[in-house]
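Structural features, examined
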Amino acid sequence: MHEQSKEFELTAEEAAALDEIAGALGRFGQERGNLIPILQMVQERLSYLPPRAIELVASHLGMAPCEVYGVATFYNQFRFHPPGRYRIKVCLGTACHVKGGDIILENFERKLGIRDGETTPDREFSIERVACVGCCALAPVTVINETVHGHTAPSKVEGLLLGFQIERERKEREDKKHADGESQDH
Amino acid sequence: MPTGNPKTIDQAFKDLREEARTRWEELRQTPGPKFRLGLATCGIASGALNTKVALEETLAERGIMAQIRTVGCMGHCYAEPLLVVENPGFPPLLYHQVSPGKAKMIVRSFLEGGDPLFEHVLGAMEENDMIPWIMDFPRFSNEVRVITALCGVVDPEEISDYIALGGYAALARALESEPEDLIRAVEEAGLRGRGGAGFPTGKKWRLCAQAAGKRKVVICNADEGDPGAYMDRTLLESNPHQVLEGMAICARAVGARRGIVYVRAEYPLAVRLITTAVQQAEKLGLLGESILGGDFSFHVQVFRGSGAFVCGEETALLRSIEGKRGMPRHRPPFPVQEGLEGLPTVINNVKTLASVPPIVEKGPKWFRGVGTPRSPGTAVFSVVGDVVHPGLVEIPMGTTLRSLIFDVCGGIPRRKSFKAVQIGGPSGGCLPEDFLDTPIDFDSLVEAGAMMGSGGMVVMDEDACMVDVARYFLDFTQKESCGKCTFCRIGTRQILEILERMTRGEGREEDLGLLETLADVVRRGSLCGLGKTAPNPVLTSLRYFREEYEAHVREKRCPSGTCRALTAFYIDLDLCARGCDACVGCCPVEAIFTTLNRKKGIDQTLCVKCGECVAACPEEYNAVKKVSPPHLAPIVERPPVQET
Ligand SMILES: Cc1cc2nc3c(=O)[nH]c(=O)nc-3n(C[C@H](O)[C@H](O)[C@H](O)COP(=O)(O)O)c2cc1C
Ligand code: FES
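Residues numbered from 1 in each chain as written. Chains lettered and ligands numbered in written order. Predicted model: local features only at pLDDT ≥ 70, side-chain atom pairs only at ≥ 80, totals over all residues. Heavy atoms only, no water.

1. Some details on unusual backbone geometry
Along the chain, A139(A) connects to P140(A) via a cis peptide bond; the corresponding omega equals -5 degrees. Within the secondary structure layout, P140(A) lies in the loop between strand 2 (125-130) and strand 3 (142-144). In this chain, S628(B) is followed by P629(B) through a cis amide linkage whose omega measures -10 degrees. Looking at where P629(B) falls in the secondary structure, it is placed in the segment after strand 18 (624-627). Unusually for a residue other than glycine, Q97(B) sits at a positive phi of about 45 degrees. Along the chain, Q97(B) turns up in the loop between strand 4 (93-95) and helix 4 (100-112). Here Q97(B) falls in the partly exposed class, since its relative accessible area comes to 38%. Even without a glycine there, the phi angle at L292(B) is positive, about 50 degrees. Its location among the elements puts L292(B) in the loop between helix 12 (268-283) and strand 8 (299-305). For L292(B), a relative accessible area of 1% corresponds to the buried category. (Helix = DSSP H or I, 4+ residues; strand = E, 2+ residues; numbered from the N terminus. Buried < 20%, exposed > 50% of the residue type's maximum accessible area, 1.4 Å probe, protein only.)

Here's what the structure looks like:
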């Protein structure tokens, strides 16, 4: 299990998004009641709340950053780690629990070496637990990005991850070929 | 609405309805085949979007002009994606589990070849003498739909559908009634809050109407935090206008000008659809400034809740709208006296508000004709778990649990036996077979130790472990406790720890008594409903399934074989087939090895007890066995690794 306390570096896109956010804040009033809608807006653009964003929000509302943290950490919606490219959401709603959802969660955790709420250092995968996603008839359910995988058995976990890996390697090969082709052109 | 001379409210509404009906009739009269596809979250989860694409492609490919309408959830989640096909010359047919391939098949065989593919038909939507009518099936005929009447019928993104089928008529009437008459109608109907506690809605409205001050607020509580329930979301996704209409009527009754729909951000589709619905209603003058040209104004805004269970509690909900940590406060003052920003505020559940338009439309007497004298009307449940036909069900209050589980939902699958039903989520309880004849209403359920709660219902067969279910809910409430009250914060943690050690096989004799004591103090020492009801899952299972707790504590045995620390898997060498490798490949931790005589064994130190090998072992061998306590598993030595 690796350390999660370290801060993830902002990517170039995230830094740019942060600038946009600074602009977008102007559309919100400075009343406290805007705090949650603002945090939601930030998370929509960045998919998590990095410390720099919290500071921006705090100064817009005239609050201390720790106060903003106090509110943000109260709510399950807000995340403080960037989600992976593949966001794995394991349903642990009642129906899925009864059908062994925790075994599925454990399988993902074991295979990826991270715990729920964490992201792999290469930002490829993140694991979250979610409550009922509304298709209990397919329990146990895992949602990866927007795709719902019903009746997920532990043995399917490996297959799913393998599928993503193959997809990624193929893409890398293609990118490489592409890059090689381009460099030959010049 | 551009009008020269002022119209009466009644006339303004009649014009709107006329227009909507004309459009609806045009839709109905369009020649050619028509499709209706369920596209709520449950449908989408089952792949309905792919079905839609396949349907459109095939129709285009074949040059067939057909109408496709998308609707919300019809409640039959076991059969999603659901597709209604109207092919001229046939009654409208309901197809189940329509995969993209099946959609193509329906176009080719039914539309082009005239063969309706009976094996894929759930039933006909109308009575006819060709194909069984859906109302001949108990899953359909036992339901009484008041709140979900138009779910799966109207397009949630099309306000005109709702108006054409009678929507907003109640609001038009309410605008011309005295607020007092509206409150009295709701009182006489005996409507009780569907958010859990069953508080009389009319009384709540009256208190708010009487509260001092001109500015008042109506809030629709769509936080739905129960981890196993999804009725409120489905309602917003399937027919948001009925909820908005109920809110507007409430606002008219109590004199509010401002409304908020508080819906979880985790429900993106519901958020989008309710937002669209508000915009459409504003555009037609059914919400917003001077509704239907009269002097009543009501502005609705959508607030996305950020996923804290406790924010479903009304005072915590208010705080979170104010941008604070969602912690409940002491009541009184109640929100009807001092709510949002100190203003008198009515907070009602989605289903409560959706019950209002039918009451205003059809009258309190009619509403009282459904349900029981003390709990009139219907109850909406999401029934899931071990039942044949899980999904959303609306039944009259007073229906027995047995009738709901066995008649409506088809009973327990795979010839297993019923063990318990969990009602009301984290605040509710587990009821055993003896309670199956309990009528479903607010008071009877509380008497039995459960509660209506949110309306989540999970049916469990003989394979469920009651200690584990209690642990699951306590794990949930312990995490969701906001931390304000010591009893709730620390008490739930202590209860959880005891339950956890029981499921690990480390339970002590005194733990049973300790659980009871703790449950009692947590219940008495907590401020809000979260802590007050958190012990319910433990108390009910302790009361009705005590022997299961005793088995865990005294024999370190989990009777249903659920608790993994108390079970072990082994391979019966007499049954195992030489040379078969089915289980080896499926084991996620490589715990299965080959013995010297080419049979299989399980390394108990590696096994994570996921049960995959049980599923993988071919039925004719059935060699993988599960035992509890784990020491009953015979020891099979792993052969020494051979050097190669
Ligand atoms: C911990 C907790 C969670 C709650 N969650 C919800 C909820 O998700 N939805 C809801 O309508 N009411 C919920 N309630 C009940 C509300 O406090 C409130 O009673 C209800 O919204 C009132 O509406 P009603 O009168 O229409 O039932 C919850 C209460 C508690 C204590
Ligand atoms: S509990 Fe997992 S989908 Fe409902």
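There is more to say after this.
2. Side note on the domain arrangement of chain A
For interface size, the figure often reported is the accessible area lost on association. Domain annotation for chain A reports domain 1 (12-74) and domain 2 (86-185). For domain 1 of chain A and domain 2 of chain A, the distance between their C-alpha centres works out to 29 Å. (Domains from an automatic or database assignment.)

3. Quick look at the packing of aromatic side chains
For the structure shown, the criterion picks out 15 aromatic pairs over all chains. Where F74(A) meets Y75(A), the ring centres are 5.1 Å apart and the plane angle is 75 degrees; that geometry is what we call edge-to-face. Taking relative accessible area as the criterion, Y75(A) reaches 2% and is therefore assigned buried. Feature note: the residues Y86(A), F125(A) and F164(A) constitute an aromatic cluster, connected by ring pairs. Above the ring of Y267(B), the side-chain terminus of R233(B) is found at 4.3 Å from the ring centroid. (Phe/Tyr/Trp six-rings, centres within 6.5 Å; stacked < 30°, edge-to-face > 60°. Lys NZ or Arg CZ within 6 Å of the ring centre and 35° of its normal.)

4. Digging into the pattern of salt bridges
All names here are of chain B. Scanning the entire structure with this criterion turns up 56 salt bridges over all chains. A salt bridge links R28 to E86, with the shortest nitrogen-to-oxygen separation between them at 3.3 Å. Of this pair, R28 sits in helix 1 (residues 9-29) while E86 sits in strand 3 (residues 83-86), and the two are 58 residues apart along the sequence. Overall, the relative accessible area of 17% leaves E86 in the buried class. (Salt bridge = Lys/Arg side-chain N within 4 Å of Asp/Glu carboxyl O.)

5. With respect to the pairing of strand 3 of chain B
Residue and element names in this part refer to chain B. Here strand 3 shows a buried face lined by L83 and V85 and a second buried face lined by V84 and E86. As defined by bridge partners, strand 3 adjoins strand 4 across three bridges and the pair is classed as antiparallel. Residue pairing across strands places V85 opposite L93, the latter belonging to strand 4. (Pairing = 2+ DSSP bridges.)

6. Some thoughts on the domain arrangement of chain B
Residue and element names in this part refer to chain B. Partitioning chain B into domains gives domain 1 (31-135), domain 2 (159-368), domain 3 (378-464), domain 4 (467-554) and domain 5 (567-632). Put simply, the middle of domain 1 and the middle of domain 2, counted by C-alpha atoms, are 35 Å apart. Residue-level contacts link eight residues of domain 1 with seven residues of domain 2. Counting every contact that joins domain 1 to domain 2 gives one salt bridge. (Contact = heavy atoms within 4.5 Å.)

7. A word on the packing of helix 20 (residues 511-525) of chain B against helix 23 (residues 546-554) of chain B
All names here are of chain B. Close contact between helix 20 and helix 23 brings their axes to 10 Å; oriented N to C, the two are set at 130 degrees. Our classification of the angle between helix 20 and helix 23 gives oblique. Where helix 20 approaches helix 23, its residues L512, L515 and E516 are matched on the opposing element by R546, Y549 and E550. (Axes fitted to C-alpha atoms, helices over the stretch in contact; angles between N-to-C directions. Parallel < 35°, antiparallel > 145°, perpendicular 65-115°, else oblique.)

8. Some thoughts on the site of ligand 1
All names here are of chain B. The local shell around ligand 1 holds 18 residues, among which G195, K204, N348, N349 and T352 are the closest. In this structure, G195 approaches ligand 1 through a main-chain N or O atom, which is 2.7 Å from an oxygen atom. Between ligand 1 and I347 there is a distance of 3.5 Å, counted from an oxygen atom to a backbone nitrogen or oxygen. In the complex, 87% of the free accessible area of ligand 1, which totals 610 Å², lies under the protein chains. At the level of secondary structure, the elements contributing two or more residues to the shell around ligand 1 comprise strand 9 (345-349) and helix 21 (529-533). (Near = heavy atom within 4 Å. Polar contact = N/O pair within 3.5 Å; in protein donor to acceptor, adjacent residues only side chain to side chain. Areas by Shrake-Rupley, 256 points an atom, 1.4 Å probe, with all protein chains shown as cover.)

9. Thoughts on the sheet that holds strand 11 (residues 391-396) of chain B
Residue and element names in this part refer to chain B. Pairing is mixed across the open sheet formed by five strands, whose spatial order is 11-10-14-12-13. In the strand order of this sheet, the two ends are held by strand 11 and strand 13 (429-432), each with one partner. Each neighbouring strand pair of the sheet contributes to a mean axis angle of 30 degrees, computed without reference to strand direction. Strand contacts of helix 18 (residues 466-480): strand 12 (418-423), strand 13 and strand 14 (456-461), with the helix running at about 15 degrees to strand 12, the strand carrying the most contacts.

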